Amino acid sequence: MISFPLRTLVDIPRADLGSRDRLARHRKESRAALIRAAVRQYLADNSADRLREAFGLWRDGEDGLAHQARMRAEWPD
């Protein structure tokens, strides 16, 4: 199956456009390539798989409240 890119219209604040343009020039990439990379990274960072990986993280370890108390005990008074 052949997949064709889909054009998307997105509203971006003017302040972000300047930053995007500077970064694109610095990386020698097109603005569109920079935005595609950002979308890919966002989707990877927020995938359901990542949420499932984190679920139950404390199950076999230290109790969450005990960990919190231990960490706070390190703070200066």
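Remember, it's a predicted structure, so these values are computed and weren't measured experimentally.

Draft legend 1. How the structure looks around the pattern of salt bridges. In this structure the tally under the stated criterion is three salt bridges. The shortest N-O distance in the salt bridge between Asp-21 and Arg-31 comes to 3.7 Å. Here Asp-21, found in helix H1 (residues 14-27), pairs with Arg-31, found in helix H2 (residues 31-45); they are ten residues apart in sequence, far enough to count as distant. Assessed through its relative accessible area of 47%, Arg-31 is described here as partly exposed. The partner of Arg-27 in a salt bridge is Glu-29, with the nearest N and O atoms 3.6 Å apart. Salt bridges sharing common partners tie together Arg-20, Asp-21 and Arg-31.

Draft legend 2. Representation of the confidence of the model for the protein chain. Here the protein chain shows a mean pLDDT of 86. Residues at 70 or above account for 99%. Of all the helices and strands in the protein chain, helix H3 (residues 48-54) carries the lowest mean pLDDT, 73, while H1 carries the highest, 92.

Draft legend 3. Just the packing of H1 against H2, in detail. Closest axis-to-axis distance for the H1/H2 pair is 9 Å, and the angle between their directions is 100 degrees. As summarised for this structure, H1 and H2 are arranged roughly perpendicular, according to the angle between their axes. Across the interface between the two elements, Arg-20, Asp-21, Leu-23, Ala-24 and Arg-27 from H1 touch Arg-31, Leu-34 and Ile-35 from H2. Here the residues of the contact of H1 with H2 are counted per class, giving four nonpolar, no polar and four charged.

Draft legend 4. Seen up close, unusual backbone geometry. Even without being glycine, Lys-28 reaches a positive phi, approximately 55 degrees. With respect to the element layout, Lys-28 can be found in the loop between H1 and H2. Given a relative accessible area of 77%, Lys-28 falls into the exposed group.

Draft legend 5. Region of interest: H1. Given a rise of 1.5 Å per residue, 14 residues ought to cover 20 Å, and the 20 Å separating the end C-alpha atoms of H1 matches this to within 8%. Backbone geometry just downstream of H1 places Lys-28 in the positive-phi region, at approximately 55 degrees.

How each quantity is defined
- Residues numbered from 1 in each chain as written.
- Predicted model: local features only at pLDDT ≥ 70, side-chain atom pairs only at ≥ 80, totals over all residues.
- Heavy atoms only, no water.
- Salt bridge = Lys/Arg side-chain N within 4 Å of Asp/Glu carboxyl O.
- Helix = DSSP H or I, 4+ residues; strand = E, 2+ residues; numbered from the N terminus.
- Buried < 20%, exposed > 50% of the residue type's maximum accessible area, 1.4 Å probe, protein only.
- pLDDT = per-residue confidence, 0-100.
- Axes fitted to C-alpha atoms, helices over the stretch in contact; angles between N-to-C directions.
- Parallel < 35°, antiparallel > 145°, perpendicular 65-115°, else oblique.
- Contact = heavy atoms within 4.5 Å.
- Nonpolar A, V, L, I, M, F, W, Y, C, P; charged D, E, K, R; others polar.
- Expected span 1.5 Å × (residues − 1).

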